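# Structure assessment
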Amino acid sequence: MEIRAIQGDITKQTDVEAIVNAANESLLGGGGVDGAIHYAAGPELLKECRTLGGCKIGEAKITGAYNLPCKYIIHTVGPRWHGGDNGEGEFLNLCYKNCLEVAMQHGIRTIAFPSLSTGAFGYPVEQANWIAVGAVYGFVEKHPDQFDLIEWVCFDKNTLKYYNKEIELHQSGFYEEIDPVSKEPELIALLSEYNPEVHRYTDDGFDWLDDDGYSIIIKRDGEERMYVDYNDGEFTLGLGCWHGHYNLYRKDYEDLIKDIENTLNNALVAVTIRCDGEWFGSWKTPVSECSKKELIIQARETMHKELIEKTKRNGYQIECEFFDKTKDFTYIIDSEI
Ligand code: ADP
């Protein structure tokens, strides 16, 4: 079983039984890879597509391949990118899952995908890649021995680079799940110099923790300054007003450890933006990127359009919190951003 990405024209692939088409809801042809597939397959493809009654975003439908070297075409409709908060990821994931499901039902063992949604539909390839590759690895894990080859045929070098990067991460075990309970002693050891308090669900005020959850708290001058907890299937790291979540993948756990180390070294800063005392958002940033100018740029990326209008009128403040409280500082931005 091989999962790989190659550069090429998907209509010319001779090593797969099926290729996937990045179609639109009508299934009646379009530009990009859809146009190339219809052109290469010939007009009979359009005839068959007309009988299918279209296709919804995330669904997959199969046809013959006519003049193409493969046997089947699986048509799917990827999501159009609207900023990422509109379920784009779930729909893209569904496209891959449903294509593989349809392929499996037809006994197809070799299949090629284009980079779904990253052309005319505008999905950034650096976000589509991990959804796509994750979806394929997830499917293969649930259905082992069903496929011999699953590949992406990328039209350009840049797209290929992003798919290869994710495939390598999967192959190197970066997405293996770790056991969070066994990591507790390691986390406590990492924080041992700072008198960590460890809490469980049986402790007063911690009944929100799961049976196997834990919360490690570091206080400075009697006040909670940082915490790491495992609960509800994820780790959370909190510093000042900011907190971030980390999945149970080895990759995320390594990021968590790096972030904890950087926090302890005051190299990771929690940034909070407020306008008229109202909390607008918090994020983390390396200390090397917390100049006033850079934080204004980050703030602009974090804020919604309406909030930008409000802060333009009233000004705002950017608070930087370090693990060492004596380093905390605030920028007041009273002019237009
Ligand atoms: P979508 O509408 O889902 O974004 P597009 O066809 O516009 O689909 O683009 C999807 C990807 O397919 C893009 O990376 C584009 O460069 C690529 N592409 C276009 N033609 C081909 C082809 N013949 N073979 C493989 N990939 C192609």
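Definitions and cut-offs
Residues numbered from 1 in each chain as written. Predicted model: local features only at pLDDT ≥ 70, side-chain atom pairs only at ≥ 80, totals over all residues. Heavy atoms only, no water. Buried < 20%, exposed > 50% of the residue type's maximum accessible area, 1.4 Å probe, protein only. Helix = DSSP H or I, 4+ residues; strand = E, 2+ residues; numbered from the N terminus. Pairing = 2+ DSSP bridges. Axes fitted to C-alpha atoms, helices over the stretch in contact; angles between N-to-C directions. Contact = heavy atoms within 4.5 Å. Domains from an automatic or database assignment. Buried area = accessible area lost by both parts, 1.4 Å probe. Salt bridge = Lys/Arg side-chain N within 4 Å of Asp/Glu carboxyl O. Core = buried A, V, L, I, M, F, W, Y, C linked by side-chain atoms within 4.5 Å. Phe/Tyr/Trp six-rings, centres within 6.5 Å; stacked < 30°, edge-to-face > 60°. Lys NZ or Arg CZ within 6 Å of the ring centre and 35° of its normal. Expected span 1.5 Å × (residues − 1).

## Observations concerning the pairing of strand β8 (residues 214-220)
- Burial within β8 is extensive, with 5 of its 7 residues counted as buried.
- Relative to β8, strand β7 (residues 197-199) runs antiparallel, the two sharing 3 bridges. Bridged to Glu197 within β8 is Ile217.
- Pairing geometry for β8 and strand β9 (residues 223-231), over 7 bridges, is antiparallel.

## Some words on the sheet that holds β9
- Taking strand neighbours across the sheet as the criterion, the 5 strands line up as β7-β8-β9-β10-β11 in an open arrangement whose pairing is antiparallel. Looking at the sheet topology across the chains shown, the edges are occupied by β7 and β11 (242-246). The mean angle between the axes of side-by-side strands here comes to 15°, regardless of whether they run parallel or antiparallel.
- Alignment of strand β10 (residues 234-239) against β11, held across 5 bridges, turns out to be antiparallel. From the neighbouring strand, Leu239 faces β11, where its bridge partner is Trp242.
- Where helix α7 (residues 250-264) meets the sheet, it contacts β9, β10 and β11, and its direction lies at approximately 15° from that of β10.

## Here's the deal with the domain arrangement of the protein
- Domain annotation for the protein reports domain 1 (2-171), domain 2 (181-264) and domain 3 (268-333).
- Between the C-alpha centres of domain 2 and domain 3 there is a distance of 24 Å.
- Contact residues are listed per partner, giving 16 residues for domain 2 and 14 residues for domain 3.
- For the pair domain 2 and domain 3, the summed buried area comes to about 1300 Å², and 59% of that belongs to carbon and sulfur atoms.
- For domain 2, the biggest contributors to the area lost against domain 3 are Arg225, Cys241 and Trp242; these three give 47% of the whole.
- Inspection of the region where domain 2 meets domain 3 yields 4 salt bridges.

## Let's talk about the nonpolar core
- Ranked by size, the top nonpolar core spans 37 residues in total, and within it Ile74, Tyr96, Ile111, Phe113, Trp152 and Tyr163 carry the most contacts.
- Counting residues per element, this core draws most heavily on helix α4 (residues 125-142), which supplies 10 residues.
- When residues no more than four places from it in sequence are discounted, the contact partners of Tyr96 are Phe113, Pro114, Ser115, Leu116, Ala132, Ala135, Val136, Trp152 and Tyr163.
- Within the second largest apolar cluster, 24 residues are counted, among which are Leu187, Phe235, Leu268 and Phe323.

## Here we look at the packing of aromatic side chains
- With the rule as written, the count across this model stands at 14 aromatic pairs.
- Relative to Trp152, the ring of Tyr96 lies with its centre 6.0 Å away and its plane at 50°, an arrangement referred to as tilted. Taken together, the positions of Tyr96 in helix α3 (residues 88-105) and Trp152 in strand β6 (residues 149-154) put the pair 56 residues apart, joining distant regions of the chain. We note that Tyr96, like Trp152, is buried.
- Measuring from ring centre to ring centre gives 6.3 Å for Phe139 and Phe147, while their planes differ by 65°; the resulting arrangement is edge-to-face. Across the pair, exposure class does not vary: Phe139 and Phe147 are buried alike.
- Looking at Arg80, its charged tip hangs above the ring of Phe121, at a distance of 4.3 Å from the centre.

## Concerning α3
- Across its 18 residues, α3 extends 26 Å between first and last C-alpha, which sits within 8% of the 26 Å expected from 1.5 Å per residue.
- Every buried residue of α3 is accounted for by Glu88, Gly89, Leu92, Cys95, Tyr96, Cys99, Leu100, Val102 and Ala103.
- Directly beyond the C-terminal end of α3, a positive phi value near 70° is found at Gly107.

## Considerations on α4
- Between its first and last C-alpha atoms α4 spans 25 Å; for 18 residues at 1.5 Å apiece the expected length is 26 Å, and the two agree.
- Those residues of α4 that fall on the buried side of the exposure criterion are Val125, Ala128, Asn129, Ile131, Ala132, Val133, Ala135, Val136, Tyr137, Phe139 and Val140.
- Packed against the buried residues of α4 are β1 (2-7), α3, β5 (110-113), β6 and α5 (157-171).

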